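Report on the structure
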Amino acid sequence: MFLFFLPQSADMSAASNLRSEDQFLCSICLDVFTDPVSTPCGHNFCKTCISQHWDMNQSCQCPMCKETFSTRPQLRVNTFISEMVAQFRREQQAAKPGEVPCDVCTGTRLKALKSCLVCQTSYCQTHLEPHLTVKRLKRHQLIDAVENLEGWMCTKHDKPLELFCKTDQTCVCMLCSVLDHKNHEFVPLREEYEGKKAELEKTEAEIQQMIQKRRLKIQEITESVKMSKDAADRQKAEGVQVFTALMESVERRLKELMKEIEDKQETTEKQAEGLIKDLEQEISELMERSSEVEQLSRSEDHLHLLQSFSNLKAAPPTKDWTEVRVHPPSYEGTVGRAVAQLEETVWKPMKKKLFEAELQRVQQYEVDVTLDPDTANPYLILSDDGKQVYCGDVEKNLPDNPERFSLCPCVLGEQSFSSGRFYFEVQVKGKTKWTLGVATESINRKGQITASPQDGFWTVWLRNGNEYKALDDPSVDLCLHPGPEKVGVFVDYEEGLVSFYDVGAAALIYSFTGCSFTHKLHPYFGPCINDGGKNSAPLIICPVNQTESIND
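Computed from a prediction, not measured in an experiment: that's the story for all the values here.

1. Considering the overall build of the chain
- Helix and strand counts for the chain come out as nine helices and 23 strands.
- For a compact globule of 552 residues, the expected C-alpha radius of gyration is about 24 Å, and the chain comes in at 54 Å, more than 25% above that figure.
- With respect to the principal axes defined by its C-alpha atoms, the chain has extents near 180 × 85 × 55 Å.
- Across the 552 residues of the chain, 34% fall into the buried class.
- Long-range pairs, those at least 24 residues apart, make up 57% of the contacts in the chain with a sequence separation of at least 6.
- Of the roughly 34900 Å² of accessible surface on the chain, 53% is carried by carbon and sulfur atoms.

2. Points about the side chain of asparagine 44
- Relative to the assigned elements, asparagine 44 resides in strand β2 (residues 44–46).
- In terms of polar contacts, asparagine 44 uses its side chain to reach the side chain of serine 38, at 2.5 Å.

3. What to know about the sheet that holds strand β7 (residues 142–144)
- The strand order β6-β5-β7 describes an open sheet built from three strands, whose pairing is antiparallel. Every other strand in the sheet has two partners, leaving β6 (121–123) and β7 as the edge strands with one partner each. Across the sheet, the axes of successive neighbouring strands diverge by a mean angle of 35°, strand direction being ignored.
- Pairing of strand β5 (residues 114–116) with β6, which is carried by three bridges, proceeds in the antiparallel orientation. When the bridges of β6 are listed, serine 115 appears paired with serine 122.
- Most of the contacts of helix α3 (residues 125–133) go to β6, to which it runs at about 110°, and overall it touches β5, β6 and β7.

4. Quick notes on the packing of aromatic side chains
- Counted by the stated rule, this structure contains eleven aromatic pairs.
- With centroids separated by 6.2 Å and ring planes inclined at 75°, the aromatic side chains of tryptophan 54 and phenylalanine 69 adopt a geometry described as edge-to-face. In this pair, tryptophan 54 is assigned in helix α1 (residues 47–55) and phenylalanine 69 in strand β4 (residues 68–69), connecting sequence segments 15 residues apart. Here the two residues tryptophan 54 and phenylalanine 69 agree in accessibility, since each one is buried.

5. With respect to the pattern of salt bridges
- Going through the model one piece at a time under the given rule, you end up with 21 salt bridges.
- Ionic pairing is found between lysine 229 and aspartate 233, a salt bridge with its closest N-O pair at 3.1 Å. Here aspartate 233 and lysine 229 lie together in helix α6 (residues 189–297), a separation of four residues that amounts to about one turn.
- The exposed category is assigned to lysine 229, whose relative accessible area is 52%.
- In this structure, a network of salt bridges that share partners links the residues Lys166, Glu192 and Lys196.

6. Focus: a nonpolar patch on the surface
- Taken together, Leu175, Val178 and Leu179 make up a surface patch of nonpolar side chains, about 280 Å² in accessible area.
- Mapping leucine 175 onto the fold places it in helix α5 (residues 174–179).

7. Concerning the side chain of threonine 459
- Counting through the fold element by element, threonine 459 comes out in strand β16 (residues 457–463).
- Among residues more than four places away in sequence, those in contact with threonine 459 are Thr435, Leu436, Gly437, Val438, Ala451, Ala470, Leu471, Phe500, Phe512 and Tyr524.

8. Some thoughts on the sheet that holds strand β20 (residues 497–502)
- The seven strands lie next to each other as β11-β12-β23-β14-β19-β20-β21, forming an open sheet whose pairing is antiparallel. Strands at the two margins of the open sheet, each flanked by one partner only, are β11 (380–382) and β21 (507–512). In this sheet, neighbouring strand axes are inclined to one another by 20° on average, regardless of whether the strands run parallel or antiparallel.
- Bridge analysis of strand β12 (residues 388–391) against strand β23 (residues 539–542) gives two bridges, and the strand direction is antiparallel. Within β23, the position partnered with valine 389 by the bridge is leucine 539.
- Relative to the sheet, helix α8 (residues 334–363) contacts β14 (421–427), β19 (486–492), β20 and β21, its axis offset from that of β14 by approximately 110°.

9. Some remarks on unusual backbone geometry
- Put simply, aspartate 473 and proline 474 share a cis peptide bond, and its omega is 5°.
- As for its position among the elements, proline 474 is in the loop between β17 (467–470) and β18 (476–478).
- Note the cis peptide between histidine 481 and proline 482, where omega equals -5°.
- With respect to the helices, strands and loops of the structure, proline 482 is situated in the loop between β18 and β19.
- Here the phi dihedral of asparagine 183 falls at roughly 70°; this positive angle occurs in a residue that is not glycine.
- Looking at the element boundaries, asparagine 183 is found in the loop between α5 and β10 (186–188).
- Of note in the backbone geometry, cysteine 528 takes a positive phi value of approximately 65° without being a glycine.

Analysis parameters
Residues numbered from 1 in each chain as written. Predicted model: local features only at pLDDT ≥ 70, side-chain atom pairs only at ≥ 80, totals over all residues. Heavy atoms only, no water. Helix = DSSP H or I, 4+ residues; strand = E, 2+ residues; numbered from the N terminus. Rg over C-alpha atoms; globule rule 2.2 N^0.38 Å. Buried < 20%, exposed > 50% of the residue type's maximum accessible area, 1.4 Å probe, protein only. Contact = heavy atoms within 4.5 Å. Areas by Shrake-Rupley, 256 points an atom, 1.4 Å probe, with all protein chains shown as cover. Polar contact = N/O pair within 3.5 Å; in protein donor to acceptor, adjacent residues only side chain to side chain. Pairing = 2+ DSSP bridges. Axes fitted to C-alpha atoms, helices over the stretch in contact; angles between N-to-C directions. Phe/Tyr/Trp six-rings, centres within 6.5 Å; stacked < 30°, edge-to-face > 60°. Salt bridge = Lys/Arg side-chain N within 4 Å of Asp/Glu carboxyl O. Patch = residues over 30% accessible without salt bridge, like charges linked within 9 Å, V, L, I, M, F, W, Y side chains within 5 Å.

Right under this line is the structure:
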């Protein structure tokens, strides 16, 4: 069948927008028609395609409908389809918005491929042909099509900008290089273009890398928020569970307290009721005797009175109630004992479990800490693996570098931290003096040192075997009985938190809160002086054993 097209007219210009490439494809080569011809059965093919197809086959058969022709049809170019194909090609090659149109085309302006700096004109493929074949025009300078050709001309000399002055970082023409930029360094415009283009590609790659890093950072932050929410949900659930159990225990102990008080009151009331009953019984008996005495006293019968009097005198005496008392039960200390019992049976075990859970959480942030020999005081003796330190009796001959503590017997950890969370444990068993914690990289290391947060130290110490203190501002005395054998140190840099734990007891020793860290933090170790061998035990950096506190 024949392809039918709407005729192009001003009234039907919209119809041209409906044309697609599929309408102009040859079914043999699958490309846009070249010299389209029609077979007697009404199908269309490129003239060369159908001719070669029939040349290769014994019969002349239509490739589309398979109709066979007894004689080879005479093929003529279908001028209508040919014109439509030509118009389609022009439309396909027409300059689109943003593309440079050919300055020579009339009607539909095709896309320009090159611009001539000499002619100051842009050309499509067809109109560019003379510049590629005519000897005189071949000397003209062609560049990729640009829209503002005037900008490619030197405003001073009206010559093409062909050079780049590296001295002045500007584009110049040939005359500029001789007259205005004498003795300057020049390179061809294209060479500088290629260099700058390479720089831009490098910059683009760097920008893409920066974008990727930021996307990864967004992903990291999003994941951190999710982890924070999960942790918050777990904490809320744990808080609800703990405080629900605590409230249930308090309510149960309150009921027991009320019953204890009520039982005491009930016992007192029963005792009083018994006494009152006895008293009422005696009153009844005494009233009967009173009546008898009254009657006898009125008797005029001398003999009867004397005989009855002895019987009345012989009646059993009543109970002596002088010292009988109902003593109200003592309630003094009842509430206090109930609270103490509640603390002992409920709160202390619950608090221990809470601290055990907290300690296990912070132990997850364990870091591998080793001692930095370049910071160690000359009296200190460090183990080869950098995990132990104690104070000797002899000062070693060491260089007095800026990092070294000159007077105080202490040493820093090699590792430094400027973000996140970290945790380490130190064995202090057998020591009578020690100082532990963290310190900023900028602390004073020469002469006497004041260990306080204001001076960049967040530490806890032991003195005289049993005197513990947190060196806060002001310092805080700590009641630790018995004292810890292993101390855990936890830091949350962003939160401004430094916490110390008794690992064996799974108990919090002390927390510095609201700290403002602006420098790198180092673990800080002060084994203190040997003290004649009394304090010769070393400080030992230990690996974390998360089951230790529970087993203890």
